[in-house]
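Single-letter residue listing:
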Amino acid sequence: MLRLTELRLPIDHPPEALRPAILRRLRLREGELVDFTIARRGYDARKKNLIQFVYTLDLELRDEASVRGRNPGDRNLGTAPDTGYRHVARAPEGFRNRPVVIGAGPCGLTAGLILAQMGFRPIILERGKVVRERTKDTWALWRRSVLTPESNVQFGEGGAGTFSDGKLWSGIKDPQHLGRKVMEEFVKAGAPEEILYVSKPHIGTFRLVSMVEHMRRTVEKLGGEYRFGARVEGLDVETGADGTRRMRGLHLAEGEYLAADHVVLAIGHSARDTFAALERDGVFLEAKPFSIGVRIEHPQSLIDRARLGPHAGNPLLGAADYKLVHHATNGRAVYSFCMCPGGTVVAAASEPGRLVTNGMSQYSRAERNANAGIVVSISPEDYPGGPLAGIEFQRHWEERAFVAGGGTYAAPAQRVGDFLAGRASTELGQVVPSYKPGVTPTDLATCLPDFAVAAIREALPQFDRQIRGFAMADAVMTGVETRTSSPLRITRGDDFQSLNTVGLFPAGEGAGYAGGILSAGVDGIRVAEAVGIAMLGAQQLQ
Ligand code: FAD
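- Within an unreviewed UniProt entry, the label attached to the protein chain reads NAD(P)/FAD-dependent oxidoreductase, and the organism entered is Roseomonas elaeocarpi.

Listed below in C-alpha cells is the structure:
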C-alpha cells in the first residue's frame, strides 16, 4: 500500500472528484488504482480566499513498483504505515488472577478494554455512578446549583471528558499508532467514522455518553466487571525483607477490601482525596507544573470571520477554532486551552464551596459563542511545599471564585474591556455568557494570582492582532480555570510501574502522563500492555 500526501482540492469538491485527482496527480491509467482510503483530511486556511482540503490517501495499486518508478523523488509518495493493532499478550485459558483498574475515564476505560481483549477479565472500580445517573447529577449543578461531590463533571463513568467538546487530537508522539486503535474502538462504540481521518476530529457530548455505555457492555461481554460507587480510599502495600514495596490490595469505601496485585491507577486530575491517600500510603509523588486562568467567550461568528474570511459559516468547514500563545514579559506563557467552537462554558466543580470552569459542545457546534480557556503557566516554585501543594493552590483560587460569584456556584464574570481597564464589571454587554447556573459581574483579578492577571492583560491585545476582535470590550471572561492538568505526577519507571510500588501502574491525566481524551486513551493502552506482560511474567515465576 502506498501513501500519497498533500493532495489538494477545493473545499466544495464533490466526493467523486478524489479518484480522478489521484489519477492525474500520479499519472495513472484508470485500471491501475484498485482502491483508496482517506487516511487524513485537513484544511489549509492560510489563504482565506483559497481554502483547500488537504488529503493524505492510502492507495491500493495494481503495480506499486511501476507507480513509484513513474514518480521518482516524489516526497509526497511513500509506503503507507502499518497502523493495525496487535495485542502484546494473551491470558492463558483459566488464568485466575485479575487486574484492577481504578477509574472509568478515557484512560481506565481503554486500559480495561485492552485488558479484557487480552483475556484478563479486569475489575474496573469507579467512585461515581453509571453515566446516565451521572448526567442527572451534573445537570443538577448546572440547572439548580446542587453539587454532588461523588457524581459530577469530573467523577463518574466516562471520566472528565464525558461532558466535553470531545476533541480527539493530541500532540503526543505515537510511533505505534495507538491513537488509531483508540479511535477504532470509539467508532465501534458509536463515534462517527470521520474521526478516523479528519484532522481535528470531535464527537460532542451526547455521543460520548452512549459510547461509554457501549464500551462497558463490550468489556463485560469479555468477562470484565464494573463496580460503581466503589471509591478507593487506600492501598494495601506489603514491604518485603529487601525493602521492595508490593501491591497486595485496595481499601474501598464502606470498609470493603479487594485483593489486587496489579492495579492501574487512572484516577484523573481531580481525585484530591485519593492523591492524599497515596501520599499517606508512601507512593512516590512529585509536584508538577500546570496552568491557571479564565474562560473567554466571543461570538462564534467573530472567530469564523477572522479564521475563514469569506468562507465563514461554510458548513463544510464547520465552526472555526483557534490556538494562541503569548510569552509575557513577566516570564509566563499565556495560551488558549481546550477551545470549544460553538459551545458552552460549564461548571466543572467537584468540591463544595469551590468553583471551576471548563468548556463543552455538541457535535454540531452550533451554539452562539466560541469559548476557550486563557491560561497562564505556573510551576512548583509558585506553590512550594511538597507534592500536594498544587492542590492547595488550586483550592485557594477556586474558593475565591466561589465567593466572588456570590457563593451559589454562579461564576464570577467580567467584560474584557473592564478587565483590561482594571475595573470591576457591574453589567455585561452584547456577548451573553453561556455558563450555567449563571454569572455574577465582578472583578476577576480577585480570583487569580497577580502574575496571571498581568500576563493575561498583556496577552489579550496581542491575541487581538491574530484574531481581530479578540480583545473586544464585550467579550466575557468567567473564572476560574484551574484543572488544566494534574498538579502532580505519580512517577513511574520504564516498566510503567510506580517508582516505589511494584504492581501499581499510574496512568492517564491524574498521574501526569496524558492531557486530553486521546492521549489518556493511548496511555491506557500502553499501561494495559505493561500490566498484561507483568502478569504473565509473574505467573511464570510462581
Ligand atoms: P478522568 O477522565 O478524570 O477519569 C478518572 C476517573 O477516575 C473518574 O471517572 C473518577 O471518578 C475516577 N476516580 C477518581 N478517584 C477514584 C477513586 N479513588 N476510586 C475510584 N474511582 C476514582 N479533553 C480532550 O481531549 N478534548 C476535549 O474536548 C476535552 N474537553 C473537556 C471538557 C471538560 C468539561 C473537562 C472537565 C475535561 C475536558 N477534557 C477534554 C480533558 C479530558 O476529559 C481529560 O484529559 C481526560 O478525561 C483524562 O482522562 P483520565 O482517564 O486520565 O481521567
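**So, unusual backbone geometry**
A negative phi holds for most residues other than glycine; trans holds for most peptide bonds.
Item 1. Between Lys-436 and Pro-437 the backbone carries a cis peptide bond, its omega angle lying at 20 degrees.
Item 2. Structurally, Pro-437 can be placed in the loop between α10 (416-421) and β20 (439-441).
Item 3. Val-480 follows Gly-479 through a cis peptide bond whose omega is 0 degrees.
Item 4. Its location among the elements puts Val-480 in strand β21 (residues 476-481).
Item 5. Phi at Ser-145 takes a positive value of approximately 60 degrees, unusual for a residue other than glycine.
Item 6. Relative to the elements of secondary structure, Ser-145 occurs in the loop between α4 (131-144) and α5 (178-188).

**Quick look at the UniProt feature "domain: FAD-dependent protein C-terminal" (unreviewed entry) in the protein chain**
Item 1. Here the UniProt-annotated "domain: FAD-dependent protein C-terminal" (unreviewed entry) positions come out as residues 289-484.
Item 2. Secondary structure across residues 289-484 comprises 24% helix and 27% strand; the distance between its end C-alpha atoms is 10 Å.

**Let's talk about the site of the ligand**
Item 1. Looking at the ligand, there are 45 residues lining it, with Gly-103, Gly-105, Gly-159, Gly-268 and Gly-508 nearest.
Item 2. Put simply, the parts of the chain that give the shell around the ligand at least two residues each are α3 (106-117), β6 (123-126), β17 (357-360) and α12 (517-541).
Item 3. Across the shell around the ligand, the residue classes tally to 22 nonpolar, 17 polar and six charged.
Item 4. Two domains share the shell around the ligand, each providing at least three of its residues, namely domain 2 (100-285 + 490-541) and domain 3 (288-481).

**What about helix α6 (residues 205-221)?**
Item 1. For α6, built from 17 residues, the straight-helix expectation of 24 Å at 1.5 Å per residue is met to within 8% by its first-to-last C-alpha distance of 25 Å.
Item 2. Listed as buried for α6 are Thr-205, Leu-208, Met-211, Val-212, Met-215, Arg-216 and Val-219. Here the buried residues of α6 occupy an arc of 145 degrees about the axis, which is enough to place them on one side. Those residues of α6 that are exposed and angled more than 90 degrees off the buried face are Arg-217 and Lys-221.
Item 3. Turning to α6, the residues buried within the fold contact α3, α4, α5, β7 (225-228) and β17.
Item 4. A positive phi of about 100 degrees marks Gly-223, the residue just after α6.

The rules behind these values
Residues numbered from 1 in each chain as written. Predicted model: local features only at pLDDT ≥ 70, side-chain atom pairs only at ≥ 80, totals over all residues. Helix = DSSP H or I, 4+ residues; strand = E, 2+ residues; numbered from the N terminus. UniProt positions renumbered as here; feature names shortened; annotations may be inferred. Near = placed C-beta within 6 Å. Nonpolar A, V, L, I, M, F, W, Y, C, P; charged D, E, K, R; others polar. Domains from an automatic or database assignment. Expected span 1.5 Å × (residues − 1). Buried ≥ 20, exposed ≤ 12 C-beta atoms within 10 Å, placed from the backbone. Arc of directions from axis to C-beta. Contact = placed C-beta atoms within 7 Å.

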